[in-house]
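Chain and residue survey
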Amino acid sequence: MAHVIAIAGKGGVGKTTLGGLLIQTMCRKGERPILAVDADANSNLNEVLGVDVEMTLGDVRETVLHDVDKLNQSIPSGMTKADYTEMMLQRCLAEDDDFDLLVMGRSQGQGCYCYVNGLLQAQLAKLIPNYKYVVVDNEAGMEHISRGILPKVDTMILVSDCSRRGVQATERIAELVEECHLNPKTMGLIVNRAPGGVLNAGTKEEIEKSGLKLLGIVPQDEQVYEYDCDGRPTSSLPEDSPVRKALEEIMSKIGL
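So, how was this worked out
- Throughout, residues of each chain are indexed from 1 in the direction in which the sequence is written.
- Side-chain atom pairs in this predicted model are given and counted only at pLDDT of 80 or more, local residue features only at pLDDT of at least 70, and totals for whole chains, interfaces and linings cover all residues.
- Water and hydrogen atoms were dropped before computing side-chain values, which therefore reflect all heavy atoms in the structure.
- In this text, helices come from DSSP runs of H or I with a minimum length of four residues, and strands from runs of E with a minimum of two, each type numbered from the N-terminal end.
- Residues adjacent in sequence count toward polar contacts only when both atoms are side-chain atoms; beyond that, a polar contact is any pair of N or O atoms within 3.5 Å, and within protein one must be able to donate a hydrogen and the other to accept it.
- We call two residues in contact when some of their heavy atoms are within 4.5 Å.
- In short, DSSP must find at least two bridges between two strands for them to pair.
- The axes are straight lines fitted to the C-alpha atoms, using for helices just the contacting stretch, and the angles between their N-to-C directions are given from 0 to 180°.
- Three labels apply to residues, based on accessible area from a 1.4 Å probe with only protein chains included: buried if under 20% of the type maximum, exposed if over 50%, partly exposed otherwise in between.

Once that is clear, we can look at the side chain of T16. Locating T16 in the fold gives a position in helix α1 (residues 15–28). A polar contact is formed between the side chain of T16 and the side chain of D137, at a distance of 2.6 Å. Discounting chain neighbours no more than four positions away, the residues touching T16 are N44, L45, V48 and D137.

Put into structure tokens, the structure is as follows:
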């Protein structure tokens, strides 16, 4: 069974950027095969990794539930609807040289995400045994944890910015992880975008109060912002990037 790494935290703290760099660093170290999972309905892990995505699980949901006529016309003669749906699901897996990427995606129309969550859960159950590592970029919040979409978690990385609210959000996620009995072997906090790579007194106090294990601090780096504005994948940051160096130190610390 693969080693599952889940990345969680509130929105806008840089989970996806760190997740993409983590995946790329693991690939460089030869830790393959890796399945990268963008479990956020507002998906952009593929942009961080520089990968084109043909189809998402959300696209499959829309075709199956809301475009039945098109679906029926697309099914080749002699193929069942179930087999054709399975073929579409296979197209959701984008293959790169070093990793594969599965994207949840969003639903186009009205309705909840229960169907897409179910597809994600089913696909993960089938795919996970085929990989050495699975890295899951979770949505902002705790839904995938509370719904039990992840069959297990070996390493839980909680990401916060330098705000008290960010740390408090990771504390609530940590509590939910315990309530759901996921029992990760490693769980800790990364504080991202710290000015000069230093925490202020208020943030330190909140971390100590939370009882979370501080895995490391990633400094604020304007180059990440510039790459994003230019449409360049942040996984292509130079080797001397402070963000890349800080993350590599953290990965070494937790044995990744």
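Here the focus is the sheet that holds strand β2 (residues 34–39). A sheet is described by the order of its strands in space; here 8 strands give the open sequence β3-β4-β2-β5-β1-β6-β7-β8, paired in mixed fashion. Among the strands making up the open sheet, the edge pair consists of β3 (93–95) and β8 (214–219). Strand after strand, the sheet turns through a mean of 20° between neighbouring axes, direction not considered. Taken together, the 5 bridges between strand β1 (residues 3–8) and strand β5 (residues 133–138) define a ladder with parallel strand orientation. Bridging across to β5, H3 finds its partner in Y133. Sheet contacts for helix α8 (residues 164–179): β1, β6 (155–160) and β7 (186–194); angle to β6, the most-contacted strand, approximately 160°.

N-capping of helix α10 (residues 222–230) is provided by D221, with a side-chain oxygen placed 3.0 Å from the backbone N of Q223. Once α10 finishes, G231 follows within two positions and takes phi at roughly 75°, a positive value.

Glancing now at the pairing of β5. Taken across its 6 residues, β5 has 6 buried, putting it largely inside the fold. Burial of β5 is two-sided: the residues Y133, V135 and D137 facing one way and the residues V134, V136 and N138 facing the other way are all buried. Taken together, the 6 bridges between β2 and β5 define a ladder with parallel strand orientation. Opposite A36, over in β5, you have V135 as the bridge partner.

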